[in-house]
Amino acid sequence: MAFTCSMLEVRYLDYCKTKMIPPHKEILGALHKVRTKKLRKETCSLDIHLDRLKDADFYPLHRLLMDVEASNIDAVNISNTSSCSLKGEYALLLMRAAGRKLGTVDLLDWPFGKSFLRDLSHRGLTCETLNLKYSHFRKLKVTGEFVRLRTLYLDFSTSLISFQEECFACMPNLMHLSMCETRISNLWTTTAALSKLPSLVELRFQKCMCCNDTGPCPTSTFWKEVSMSSTQPSASPSTSALSDMGWLSTNENMDTEGLINNLFSLAGATSSHDIPSTRYESSDDSEMDFSSHPQESGLENLLNNEPTMFNRSTDIYNEVVENALGPEDEASSSDDFSLDLLPSTNFWARFVPVNPSPICFEKHYREYMIDRLPQLRVLDNLLIRNRDREKAKLVFCQYFEYLPYKRNCVENVVNILQKREVSASRTILQPPNMKSRRSQNSYSRSFCASKVGSSAWPLLQKLSIWNKYSGVETRNFRPRQFEYHPTNSSLMVFGTLDGDVVIINHESGEVVCYIPSLGEMNSVLGLCWLKKYPSKLIAGSDNGSLKLFDMEHMQPVRTGGYRSAQPVTFDAFDQLTSVHVNSTDELFLASGYSRNVALYDINTGIRLQMFTNMHREHINVVKFANLSHPIFATSSFDQDVKLWDLRQKPVRPCYTVSSSRGNVMVCFSPNDQYLLASAVDNEVNQYLTVDGRPQMNFDIPSTGSSQNYTRSYYLNGGDYIISGSCDEHVVRVCCSQTGRRLRDIALEGKGSRSSMFVQSLRGDPFREFNMSILATYMRPSSKSEIVKINMLASSDSGRESTTQGPSRPSFSEGG
């Protein structure tokens, strides 16, 4: 028998009497409202406000909610909009007591503590709408059941930066998801996580100015009529007014979304780098942060204190709005919006998106989301039409690479291996003059494409350094530069800020050779292995010191380091920044904070020549060609990259190519066919080495920072390039032939203010789609670390992974 509203009220009073607790006036009032609506035969819901309750009110209310499921009440809505004295575990018990009658849960989580969100995400809820605005999730990890959930709000959760791979798999019926003004920024991991939502039809990372809730903007549906009327011979006065304003395109195919894309490209067609939160870092390494009042957060406040491109994009938004509204309209821009105002300037101002997350500033964000999430019907309050899907498909094919090497679908690894074995056996039986249909290189590429496509979360591991004699981790190293060994796949050398040179087995983390500075070297900025003599390497310090070390002639000393039996010391090069050895191991070059380059003879230790005034400003990097021993290139902050030939006694360059900003570095492709030049703030260009003709501009979004020093290197033998900048936490992987972006890989530290930034990076010369990143924390007190990235391995659904060795820390890849 179903309980009536009157019976519920009586039972509640009995529960209070049993516990000798006075009935709560708010609860009695809510029951009275429900009873009144039932008498009117209206839909009724019992509204519970947690912030008006105390722990003493828990027991009778809990019993009442357990009875509600068997009553004629339609739904129970639970909310908390301010500070609350009720315990978090009591709040969760009240929600779960309502069972399938639980309708809307609207919460501020901060009064309840970390265990509240952890329990909520692990055990789930039966509600249909869950509002967790201003929540303190940092990395969304949801494993509980949310089977009935239809709408989820995570707006203004400024700690939220990424998703666990399977975090949405427990929400099969989720249709509407809103994440405005979060810190989500990674297109690849975001769409991979959202693809687990089969019922998702609406998504928001920003909202239309006139829309406070989900659903398509009512003004966007009207635009179809406006655009159609504009193609008629006699346009309406309102259409003419729009055309006179310059907002209305003469293109009959232009729709609302196209117009918004134009506005948005003006306002922020750039990628913002990671925006630090103003909260203090959590005391532990939790995935949640609960240290400040939610009203104090929000990207609008954060951006006022951060001089990034994100600020400048927001300023452009304001300019668009102010120009469209004017001073009088601006004051009256409220929510009382009607279709009568559509022809006015107010109509266009309301199409400007507000409360954007950083992901919205990625180039081609809208097209990427539409193409990767084909089930979507509404994105950022704008309807998605067939023409939008067609455009999105074209844009994706032009600017993005779904899988490496132009593969179109993720193949099964077992099938690839079977095909390779069958092809190999056929090749044996074929006559010698017949070629196999597919080369081994083709199978290798298919294998890589399958592995890369299996997860958008590659494996990231911090390189922990261990003393092989004591078995103790060494924590006092501060890496500043590193290089892979050219012939031994397990070795790597890095130089430190203290002038030490450390050779390690990067697979096991064990120190192979440690050369302490002993006051002779400062920060090691230049490192280069010799190719024909793989035990030798040259190290250069910013104090000008240049030394040649030989691992074969090093003996351990009492200080715990090694001493070379016959060290070679070269003439100093003041303010050194770069050294590089030619392909025959006979000569090496040094450059630094000057316009000069020094040439040294490795065999004799003599400085042969000083080339002066090669550029108008200091030369940051000098590189020999990989195969042609007399050819080298220089990159300078005077915006020029120059190619030189030692056979011509470099008085004038073979040619000069210029960037629009200062060049940070240059390198040759492995086969010397191309030059890769990286200028400040993500300007990356590829040139033909033979004559300097531009071959590719990688069109990486800039941040607007003049201090955003960009470095790029080749990966997979020159098939791809990797690029990172010192003001950003992202490593971008692009095809070297098409320029299309394959992935953006984000570095994550631990804690809300622990984002890591790319100081240097190198592709692994022996392992495809493997690389190492020299990353540093934003905090000045934190030391830099080397992070290894394996795109062919998954991070196992976001769980942290470790390198070989006991209890070693790790990094998880996210947003």
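All of these numbers come straight from a predicted model, not from anything done at the bench.

### Focus: the packing of aromatic side chains
- All told, the structure shown has 20 aromatic pairs when counted by the stated rule.
- Between Tyr-405 and Phe-769, the aromatic rings sit 6.2 Å apart at their centres with planes inclined by 70°, giving edge-to-face as the arrangement. One end of the pair, Tyr-405, is in the loop between helix H14 (386–399) and helix H15 (413–429); the other, Phe-769, is in the loop between strand S41 (756–763) and strand S42 (770–777), with 364 residues separating them in the sequence.
- In this structure an aromatic cluster arises from ring pairing among Trp-188, Tyr-368, Phe-396 and Phe-400.
- Over the face of the ring belonging to Phe-396 we find Arg-372, whose NZ or CZ atom lies 4.3 Å from the ring centre.
- Taking NZ or CZ as reference, Lys-536 lies 5.1 Å from the ring centre of Tyr-533, over its face.

### A look at the sheet that holds strand S39 (residues 730–735)
- Read from one edge to the other, the open sheet built from 4 strands follows the order S37-S38-S39-S40, with strand pairing classed as antiparallel. The sheet is open, and its two edges are formed by strand S37 (710–715) and strand S40 (741–746), each paired on a single side. Within the sheet, the average angular offset between the axes of one strand and its neighbour, ignoring direction, is 20°.
- Sheet topology places S39 next to S40; 5 bridges connect them, and they run antiparallel. The residue bridging Val-730 from the neighbouring strand is Ala-746, located in S40.

### Side note on helix H3 (residues 58–68)
- By the criterion of burial, H3 is predominantly enclosed, with 8 of the 11 residues buried.
- Those residues of H3 not exposed but buried are Phe-58, Pro-60, Leu-61, His-62, Leu-64, Leu-65, Asp-67 and Val-68.
- Residues of H3 that are buried in the fold lie against helix H1 (5–18), helix H2 (25–39), strand S1 (45–49), strand S2 (75–79) and helix H4 (88–97).

### Details of the environment of Pro-567
- Structurally, Pro-567 is set in the loop between strand S23 (562–564) and strand S24 (568–570).
- You can call Pro-567 exposed: its relative accessible area is 51%.
- Pro-567 sits 14 residues away from His-553 along the chain, and the two C-alpha atoms are 9.0 Å apart.

### Observations regarding the UniProt feature "repeat: WD" (unreviewed entry) in the chain
- The UniProt entry lists residues 612–647 under the feature "repeat: WD" (unreviewed entry), expressed in the numbering used here.
- Helix makes up 0% of residues 612–647 and strand makes up 50%, while its end C-alpha atoms are separated by 17 Å.

### Points about the nonpolar core
- Membership of the largest hydrophobic core comes to 81 residues, with the highest contact counts inside it found for Leu-50, Met-95 and Phe-168.
- For Leu-50, the residues in contact, after removing those within four places along its chain, are Ile-78, Ser-79, Asn-80, Cys-84, Leu-86, Ala-91, Leu-94, Met-95, Leu-107 and Phe-112.

### Focus on the pattern of salt bridges
- Summed over all chains, the structure comprises 26 salt bridges.
- Where Asp-498 meets Arg-478, a salt bridge forms, and the shortest distance between an N and an O atom there is 2.7 Å. Of this pair, Asp-498 sits in the loop between strand S16 (491–496) and strand S17 (501–505) while Arg-478 sits in the loop between strand S14 (458–462) and strand S15 (479–484), and the two are 20 residues apart along the sequence.
- Residues Arg-767 and Asp-764 are paired through a salt bridge, measuring 2.9 Å at the closest nitrogen-oxygen approach.
- On the accessibility criterion, Arg-767 (25% relative accessible area) is partly exposed.

### Digging into the packing of H1 against H3
- H3 packs onto H1 with a crossing angle of 150° between their chain directions and a minimal axis gap of 8 Å. For the element pair H1 / H3, the angle class is roughly antiparallel. Considering the relative orientation of H1 and H3, their crossing is right-handed. Contacts between H1 and H3 involve Leu-8, Arg-11, Tyr-12, Tyr-15 and Cys-16 from the first element and Tyr-59, Pro-60, Leu-61, Arg-63, Leu-64, Asp-67 and Val-68 from the second.
- Here the contact of H1 with H3 is composed, by residue class, of 9 nonpolar, no polar and 3 charged.

### Some thoughts on the UniProt feature "domain: U2A'/phosphoprotein 32 family A C-terminal" (unreviewed entry) in the chain
- When the UniProt feature table is mapped onto this chain numbering, "domain: U2A'/phosphoprotein 32 family A C-terminal" (unreviewed entry) sits at residues 362–380.
- The span residues 362–380 is 42% helical and 11% strand by assignment, and the distance between its end C-alpha atoms comes to 15 Å.

### So, the sheet that holds strand S12 (residues 378–379)
- Read across the open sheet, the 9 strands follow the order S1-S2-S3-S4-S6-S8-S9-S12-S13; overall the sheet is mixed. Of all strands in the sheet, those bounded by a partner on one side alone are S1 and strand S13 (382–383).
- Sheet analysis places strand S6 (residues 151–153) next to strand S8 (residues 176–178), joined by 3 bridges and oriented parallel. Across the sheet, residue Leu-152 finds its bridge partner in S8, namely Leu-177.

### Side note on the pairing of strand S33 (residues 663–668)
- Extensive coverage of S33 is indicated by the burial of 6 of its 6 residues.
- Relative to strand S34 (residues 674–679), S33 is paired through 5 bridges, and the arrangement is antiparallel. Bridge pairing links Asn-663 to Ala-679 in S34.
- Between S33 and the antiparallel strand that follows it, S34, lie 5 residues; Asp-672 among them carries a positive phi value of about 65°.

### Topic: the state of the cysteines
- Scanning the entire structure with this criterion turns up 0 disulfides.
- Cysteine Cys-170 remains unbridged, with the sulfur of Cys-167 as its closest cysteine sulfur at 7.7 Å.
- Looking at Cys-170, the relative accessible area reads 14%, which means it is buried.

Calculation notes
- Residues numbered from 1 in each chain as written.
- Predicted model: local features only at pLDDT ≥ 70, side-chain atom pairs only at ≥ 80, totals over all residues.
- Heavy atoms only, no water.
- Phe/Tyr/Trp six-rings, centres within 6.5 Å; stacked < 30°, edge-to-face > 60°.
- Helix = DSSP H or I, 4+ residues; strand = E, 2+ residues; numbered from the N terminus.
- Lys NZ or Arg CZ within 6 Å of the ring centre and 35° of its normal.
- Pairing = 2+ DSSP bridges.
- Axes fitted to C-alpha atoms, helices over the stretch in contact; angles between N-to-C directions.
- Buried < 20%, exposed > 50% of the residue type's maximum accessible area, 1.4 Å probe, protein only.
- Contact = heavy atoms within 4.5 Å.
- UniProt positions renumbered as here; feature names shortened; annotations may be inferred.
- Core = buried A, V, L, I, M, F, W, Y, C linked by side-chain atoms within 4.5 Å.
- Salt bridge = Lys/Arg side-chain N within 4 Å of Asp/Glu carboxyl O.
- Parallel < 35°, antiparallel > 145°, perpendicular 65-115°, else oblique.
- Left-handed = near helix turned anticlockwise from the far one by under 90°.
- Nonpolar A, V, L, I, M, F, W, Y, C, P; charged D, E, K, R; others polar.
- Disulfide = S-S within 2.5 Å.

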